[in-house]
Amino acid sequence: MNFFAKITRSKNFLAKPVFIHYLILVDLGGTKMKRRFLTIFMAAIILVVPVNMSAAAVNVSVQDTIPVEVAEIIATYFVRDAQGMADNQWTSDTAIVDTVTMYDENGAVSAYSFELETGGKDTGYVVVCAYPDVVNKVLEYSDSAEPLYSEFDLSSTDSVVYTGLLNYYEDDGDSQLLTLNNTTIDRDDITAPLSELRSGMTISVQQYPITDPFEWADEYYEGPFVATEYWQNDFEAYCNYRTTSDFSGYEDHCGPTAITNLLEMIGGYNDYSSITSEDYEDIFEAVADYGIENNYYNNPGGSPRSTLPDYIEGAFDLFDVTVTVTNYTATYSRISTELENQRPFYLTLNDHSYYGDHGVAGFAYTRLQSETTGYYLSFVKIADGWSHSGRYLDISSIQSSDDATLRAIRIS
C-alpha cells in the first residue's frame, strides 16, 4: 500500500470558510479501486442541524448519533464544494443514489456511506461519521472508486462494520467478522481508530438570527475576524425595515412586505418621486391588493414562488418603474455581482433553519477574514420582514439551489 500526501484548499467546505486539509491517496492495487481519499482536517467543523430553534444555546450530547438526514446534508455540501477541485468528476448533476448505514463492533451506528452517480455513471462515495463528538465529519471519499465494502458478498441480513481508516468488516451475526482480505477475526480483536478520535465534547449548533456578523463568526469559527475589501452597502440609508407586524389585516404576507422594502429602497436611491411621495402603508396596500387580484398573493396562503417574478415586475409597474426579474441561485458570486451593480433583490428562503419558507429583501453584503487562519466568511444583509433592524445570512449556508433563490431586479 502506497500513500501519497498533498495539501489542498477547499474554499467552502460544508458551506463554510476555507479549510486546509490533507488528502491521502491510497493505492490499493487493481484498476477497480482507482482513487480513494481519507480526509484529515486541520480545522474544526461545526455541525449545522437544520431545525427551528430559538437563540438559546443548543448542544448535541456525545451519546447521540447524528441522524442520517443530517449526515446526508453534510455529504451533499461536501460533494458540491469539492466540484472545484482539479480533476474531480463530481458536477451539479451528481446525486446520492444509495445510503449504507455502517456500525461499530458493538452494533451501534458508526458512519454512513453515501454512494453517488453523475449522469447515470457511478462516481464514488462519501463516508460521514455518525459520532457527534468526532470533529472531522467526512472520513473518507472518492469521486471514482467503489466503496471497499462492495468487495463483500453481502446478503440482506448482513451488515457492514466500519471502525474508521479503511477498516471494513462483513458482519453476518457471528462472533467473528470477515475482513477485506477474506479472513476471519474475532469481533473483540478488531482495531477501532475512529473511537480514538472521539473527544467527549459537545457540538455547539450555530444560532440565528445573525445581528452582528463579526460576533457570530468569532463565536463559531477560529477568529478574530476582520473586514476585507469585499463589501457593498449602497442602500442602508434607504432601508426602513418594514415588517409584517406593521400591516394589520393580512396573513402570510412576507412577500408583499419584502417587495415594499425593495420599492422604498430602490425608489429612495434613484429618487423616484412616484415612490418617495407615497406613504409606506399605501405602498404595501397597493402591492398586496395587486397580488390578491392577480393570484400572486393569497391572504392567507402567501405568495406562490412560480409567480414571484411577475408579481415583482407588476408591483414596480404600479409606481411607473419598469423592471425585469430573473431567477438565480443565491451564490456569493451572484449576490456580490447584483449589489456591486446597485441592484438589491428579493431572496426566497426554503426550509431555512430559522426562517423556514420566507421572502426577504437583500441589499448589502460583506466578507470577513480570520486573522488566525486566513479563512473567509461571507454574509448578505437583509430586511427580513420580522425585525426593524438589519440581519444577516451566512451566504455559504444558503447557496444550494434548494435553499435560496435570488430574484434579481433590473430597471429597464
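Quick summary incoming for the structure in this document. (Residues numbered from 1 in each chain as written. Predicted model: local features only at pLDDT ≥ 70, side-chain atom pairs only at ≥ 80, totals over all residues. Heavy atoms only, no water.)

Turning our eyes to something else, we now look at the pairing of strand 10 (residues 168-171). A regular strand carries its side chains on alternate faces of the sheet. Burial along strand 10 is two-sided: the face carrying Tyr168 and Glu170 and the face carrying Tyr169 and Asp171 are both buried. With four bridges joining them, strand 9 (residues 159-162) and strand 10 adopt antiparallel strand pairing. Bridge pairing in strand 10 links tyrosine 162 to tyrosine 168. Connecting strand 9 to the next strand, strand 10, in antiparallel fashion are five residues, including glycine 164 with a positive phi near 100 degrees. (Buried < 20%, exposed > 50% of the residue type's maximum accessible area, 1.4 Å probe, protein only. Helix = DSSP H or I, 4+ residues; strand = E, 2+ residues; numbered from the N terminus. Pairing = 2+ DSSP bridges.)

Before going further, it helps to examine the environment of threonine 307. Relative to the helices and strands, threonine 307 is located in the loop between helix 6 (280-293) and helix 7 (308-317). When near neighbours in sequence (up to four residues on either side) are disregarded, threonine 307 contacts Asn295 and Tyr296. A distance of 3.1 Å separates the side chain of threonine 307 from the backbone oxygen of proline 304, its partner in a polar contact. (Contact = heavy atoms within 4.5 Å. Polar contact = N/O pair within 3.5 Å; in protein donor to acceptor, adjacent residues only side chain to side chain.)

One can describe the packing of helix 6 onto helix 7 by two numbers: an axis separation of 10 Å at closest approach and a directional angle of 135 degrees. It follows from the interaxial angle that helix 6 and helix 7 lie oblique. Where helix 6 crosses over helix 7, the two elements pack in a sense that is right-handed. On the side of helix 6, the interface is formed by Val287, Ala288, Tyr290 and Gly291, while helix 7 contributes Asp310, Tyr311, Gly314 and Ala315. Taken together, the residues that form the contact of helix 6 with helix 7 break down as five nonpolar, two polar and one charged. (Axes fitted to C-alpha atoms, helices over the stretch in contact; angles between N-to-C directions. Parallel < 35°, antiparallel > 145°, perpendicular 65-115°, else oblique. Left-handed = near helix turned anticlockwise from the far one by under 90°. Nonpolar A, V, L, I, M, F, W, Y, C, P; charged D, E, K, R; others polar.)

Further remarks concern the environment of tryptophan 216. With respect to the helices, strands and loops of the structure, tryptophan 216 is situated in helix 3 (residues 213-220). Given the relative accessible area of 5%, tryptophan 216 is considered buried. Distance in space between the C-alpha atoms of tryptophan 216 and aspartate 394 is 9.8 Å, their sequence separation being 178 residues.

Okay, the packing of aromatic side chains next. Aromatic ring pairs are reported here in terms of the distance separating the ring centres and the angle at which the planes meet. Under the counting rule described, the total for this entry stands at 22 aromatic pairs. Ring geometry for tyrosine 112 against phenylalanine 114: centres 6.4 Å apart, planes inclined by 35 degrees, an arrangement best described as tilted. An aromatic cluster is present here, built from Tyr208, Trp216, Tyr220 and Phe379 joined pairwise through their rings. It is arginine 242 that lies over the ring of tyrosine 280; its NZ or CZ is 3.7 Å from the centre. (Phe/Tyr/Trp six-rings, centres within 6.5 Å; stacked < 30°, edge-to-face > 60°. Lys NZ or Arg CZ within 6 Å of the ring centre and 35° of its normal.)

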